[in-house]
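Read off the chains here:
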Amino acid sequence: MDEHDDASIGTGIPGLDQGLDGGLTPNRIYLVEGNPGAGKTTLALQYLLEGVRCGETVLYMTLSESAVELESVARSHGWSLEGVTVREYVMHEAAFGHEPITMFHPAEVELGETLRRMLADVDELRPTRVVLDALSELRLLAETPIRYRRQLLAFKQFFLKRRCTVLLLDDCSAVPGDPHVQSVLHGVVMLEVYRSRYGGDSRQLRVSKLRGRSFRSGAHDYEIRRGGLEVFPRLVASEHGVSYERAPLPSGIPELDALLGGGPVAGTSLLLLGPAGTGKTTIAMQYAASACRRGEHAAIFSFDETLGTLTGRLREVGIDVAPLVESGRMRLQQVDPVELSPGELGHLVRGAVERDGAKLVVIDSLNGYINAMHAEQYVTAQLHELLAYLANRGVVTLLLVGQHGLVGTVHEAPVDASYLSDSLLLLRYFEAEGRVRKAIAVTKKRGGGHENTLRELVIDRHGIRVGEPLSDFRGVLTGVPEYVGRPEDLVKAGRVRRGGSV
């Protein structure tokens, strides 16, 4: 342990620094490994450019890519490599056996000459940050695992004496997770690319080793965009607790609020479950619009509808969100489920909550959210962590789930989120008097009372209206109810008047 063990230096990638608990320990040697196209060169350039920004001397030592190729990579991200010294170490003809050498193998001569030039450049420039690209070329020059390991140990001692913080890049062309390398170095960052059958490839970063300091283990989603790598650290809900008042969030519709015992409470989640077209999105947006009109902030992540379609049809039922969006109190974001990773979604939600102060978050819908997941078996765990984070921040979360089927048998939802949510609002179609109608009921609310009645729901140009309990019908949830009231009251019982009463 030396004077630098408690210090850290930034990588130039904020999300990666979070995963590294602040950054890298200086005067250490780290491995960055990943298949071609994973973003190793981009990460390395960001690391060196951060050093330039901090006034450090930095060196890019390349055995694979040329300086011209590195300049091209930098231009693609809008960067200038001014301040970054690039030194190329290309193989000479002796390495291919074109010159007569009798006492030594050509590779031994080439390895020794290459290493001599590399070490001389380090002694000349005395950089504090170094990138060596790539270990696969050094492995080829060394030829045998023993010589390769010995050379790595020699490299390690050389750089430590010169107080360099070094990134060694490896393209995994030999053995992924090469133990010869990982056992010698102080830290290992792995970049993994998962090829998708449809949509963009997904990428994950994993810190598998970081000697002498804590780090966030597990997989962190990342993207390569113009401007470099953007890393989305794995969300840990327990790190984000704040104090808040557990007050209900009213919708502005007294009958609807009465169903939920005043409305969903701050720090809880409400699941809106029902077939397509039953009014899940409209009800959720009513809550969001009501919150914004009170001066609060709301964030809506729409997986299923374009924003133009959503705002247009909301306007037809009396919910005009355009002024709320323009005021900045409502954030409407279109989400492409085949292009978004769960880590990035968590990053967007955190931004809406921590930066914009959103007190209501709508995810419309979980069906689209599931399509954004890399592996469906992890959906429940990821959703649980996201809901726990929002609960710790005192946010009301509305989750919409579409079920298959219309009238009659309704099939199960693609994911069972009912036990994760604190309240459940059930919507159903039913047929009566030759018309397709809608019913609404609250079947669950943790920590508070709620009505246990079924009421008729009407959504039209007058807005959302909730009728009296459907006490004269039996079997509404089956879709084809039986009328058990008086015949003379049939028309009256089946119609919701403008005031919301039967």
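What counts, and where the lines are drawn
- Residues numbered from 1 in each chain as written.
- Predicted model: local features only at pLDDT ≥ 70, side-chain atom pairs only at ≥ 80, totals over all residues.
- Heavy atoms only, no water.
- Pairing = 2+ DSSP bridges.
- Helix = DSSP H or I, 4+ residues; strand = E, 2+ residues; numbered from the N terminus.
- Axes fitted to C-alpha atoms, helices over the stretch in contact; angles between N-to-C directions.
- Contact = heavy atoms within 4.5 Å.
- Buried < 20%, exposed > 50% of the residue type's maximum accessible area, 1.4 Å probe, protein only.
- Phe/Tyr/Trp six-rings, centres within 6.5 Å; stacked < 30°, edge-to-face > 60°.
- Parallel < 35°, antiparallel > 145°, perpendicular 65-115°, else oblique.
- Left-handed = near helix turned anticlockwise from the far one by under 90°.
- Nonpolar A, V, L, I, M, F, W, Y, C, P; charged D, E, K, R; others polar.
- pLDDT = per-residue confidence, 0-100.
- Polar contact = N/O pair within 3.5 Å; in protein donor to acceptor, adjacent residues only side chain to side chain.

Colleague: What is the right way to look at the sheet that holds strand β2 (residues 58-62) in this model?
Modeller: Across a sheet, strands are paired by hydrogen bonds formed along the backbone, either parallel or antiparallel in direction. Across the sheet, which stays open at both edges, the nine strands sit in the order β3-β2-β4-β5-β1-β6-β7-β8-β9 with mixed pairing between neighbours. Edge positions in the open sheet fall to β3 (84-88) and β9 (228-232), since each of these has one partner strand only. When the angles between neighbouring strand axes are averaged without regard to direction, this sheet yields 25°. Bridge count for strand β8 (residues 219-225) against β9 is five bridges, and the pairing is antiparallel. Pairing of Arg-225 across the sheet is with Gly-228, part of β9. Each of β1 (29-34), β4 (129-133) and β5 (165-170) is contacted by helix α5 (residues 135-142), which is oriented at about 75° to β5, the strand it contacts most.

Colleague: Just to check I follow, could you spell out the sheet that holds strand β16 (residues 435-445) for this structure?
Modeller: Overall, mixed pairing links the nine strands, which are arranged β12-β11-β13-β14-β10-β15-β16-β17-β18 in an open sheet. Every other strand in the sheet has two partners, leaving β12 (330-334) and β18 (463-469) as the edge strands with one partner each. Ignoring which end each strand starts from, the neighbouring axes of this sheet average 20° apart. Each of β10 (269-275), β13 (358-364) and β14 (396-403) is contacted by helix α14 (residues 379-392), which is oriented at about 150° to β14, the strand it contacts most.

Colleague: Explain α5 to me, please; I cannot follow it from the model alone.
Modeller: Most of α5 is tucked away: six of the eight residues are buried. Residues of α5 that are buried: Leu-135, Ser-136, Leu-138, Arg-139, Leu-141 and Ala-142. Glu-143, located one to two residues past α5, shows a positive phi value of around 70°.

Colleague: Got a minute to help me understand the packing of aromatic side chains in this structure?
Modeller: What characterises a pair of aromatic rings is the spacing of the ring centres plus the angle enclosed by the ring planes. One pass over the structure, following the stated rule, counts three aromatic pairs. Where Phe-158 meets Phe-159, the ring centres are 5.4 Å apart and the plane angle is 75°; that geometry is what we call edge-to-face. Across the pair, Phe-159 and Phe-158 agree in class, each one buried. Through successive ring pairs, a cluster of aromatic residues spans Phe-155, Phe-158 and Phe-159.

Colleague: Whenever I open this one, the packing of α5 against helix α6 (residues 145-161) confuses me. Can you help?
Modeller: Helices that pack against each other are described as a pair by the angle of their axes relative to one another and the distance between those axes. Running from N to C, α5 and α6 cross one another at 125°; their axes reach a closest spacing of 8 Å. When the axis of α5 is compared with that of α6, the two are oblique. Here α5 and α6 pass one another in a crossing that is right-handed. Residue-level contacts link Leu-135, Leu-138, Arg-139, Leu-141 and Ala-142 of α5 to Arg-147, Tyr-148, Leu-152 and Phe-155 of α6. Split into classes, the residues belonging to the contact of α5 with α6 amount to seven nonpolar, no polar and two charged.

Colleague: Would you mind showing me how to read the confidence of the model for the protein here?
Modeller: Summary statistics for the protein give a mean pLDDT of 86 and a share of 86% for residues scoring 70 or more. Counted against residues more than four places away or in other chains, residues 493-502, with its pLDDT under 50, gives 25 contacts.

Colleague: Help me out: how do you make sense of the packing of helix α12 (residues 342-355) against α14 in this one?
Modeller: Axis separation between α12 and α14 bottoms out at 11 Å; the angle between their running directions is 10°. With respect to α14, the axis of α12 lies roughly parallel. In this structure, α12 contributes Pro-342, Val-349, Arg-350, Val-353 and Glu-354 to the contact, and α14 contributes Gln-382, Leu-386, Tyr-389 and Leu-390. Of the residues in the contact of α12 with α14, the class split is six nonpolar, one polar and two charged.

Colleague: Is there a simple way to explain the side chain of Ser-251 in this structure?
Modeller: Counting through the fold element by element, Ser-251 comes out in the loop between β9 and α8 (254-259). When its relative accessible area of 0% is taken as the criterion, Ser-251 is described as buried. Within polar-contact distance, the side chain of Ser-251 engages the backbone nitrogen of Ile-253 at 3.1 Å. At a separation of 2.8 Å, a polar atom in the side chain of Ser-251 contacts the side chain of Asp-257. In contact with Ser-251, other than residues within four places in its own chain, are Leu-256, Asp-257, Gln-286, Tyr-287 and Ser-290.

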